Amino acid sequence: MRRGRPETLPRGTAERTLTSVGTGEDTGRPDERGARRDGAAQRGPDAVQRETSRLWHITLSVSGAEAPLKEVRRALEQLAHDHPFLLTSRYANDHAEIRYWEEARDLHDAAAVALRLWGEHRSTAKLPPWEIVGLEVIDRETYHQRVAEGYGPPPASPVGVHPF
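Residues numbered from 1 in each chain as written. Predicted model: local features only at pLDDT ≥ 70, side-chain atom pairs only at ≥ 80, totals over all residues. Heavy atoms only, no water.

Caption draft 1: Molecular detail of the nonpolar core. Counting residues in hydrophobic clusters, the biggest one holds 25 residues, and the most contacted among them are L76, L79, I98 and W118. Within the residue set of this core, elements represented by two or more residues are β3 (54-63), α1 (69-82), β4 (86-91), β5 (95-104) and α2 (107-121). No other element matches α2, which puts five residues into this core. Filtering out sequence-adjacent residues up to four positions away, L76 remains in contact with S89, Y91, A96, I98, W118, L127 and V161. (Core = buried A, V, L, I, M, F, W, Y, C linked by side-chain atoms within 4.5 Å. Buried < 20%, exposed > 50% of the residue type's maximum accessible area, 1.4 Å probe, protein only. Helix = DSSP H or I, 4+ residues; strand = E, 2+ residues; numbered from the N terminus. Contact = heavy atoms within 4.5 Å.)

If you want it as structure tokens, here you go:
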């Protein structure tokens, strides 16, 4: 799946296309530019080189005016259904934390996708009108290093939507 912005990029930003984890059904087949969708480089004189995606652990924190707990839980469950890569969500009546893995070329792309998640799903999942108040994006190696050393985010277990 490709995500891109049609508007002009900020000054000093190289042109980039944001990516997210695909379904896997088209992995290995070339895209419209001739690059393989699984990120592997093709060989040959006309092969298009493409940067390899990496996995990023995202923790998105949102908060705002109080909302009924049942509605918050239902909305987060719908978000998990709409965005199947969510690992876990914790919530209270005035804030929530969403944790998941995102595939992206670099930290900038992963953060941009994460910052759009709440707004893009606000109406379809009927999420509360809360604002994003925190974002942590770390690469897979850093995540596992933190967990192994006993600090940082604990493993997202159990998976699902849970109260704080």
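We are not done yet, so read on.
Caption draft 2: Region of interest: unusual backbone geometry. For K126, which is not glycine, the phi dihedral falls at a positive 55 degrees. Here K126 shows up in the loop between α2 and β6 (131-139). For K126, a relative accessible area of 59% translates into the label exposed.

Caption draft 3: Highlighting the environment of A125. Along the chain, the position of A125 falls in the loop between α2 and β6. With 44 residues separating them in the primary sequence, A125 and H81 have C-alpha atoms 9.0 Å apart. Ignoring sequence-local partners within four residues, the contact set of A125 consists of R74, A75, Q78, L79 and D82.

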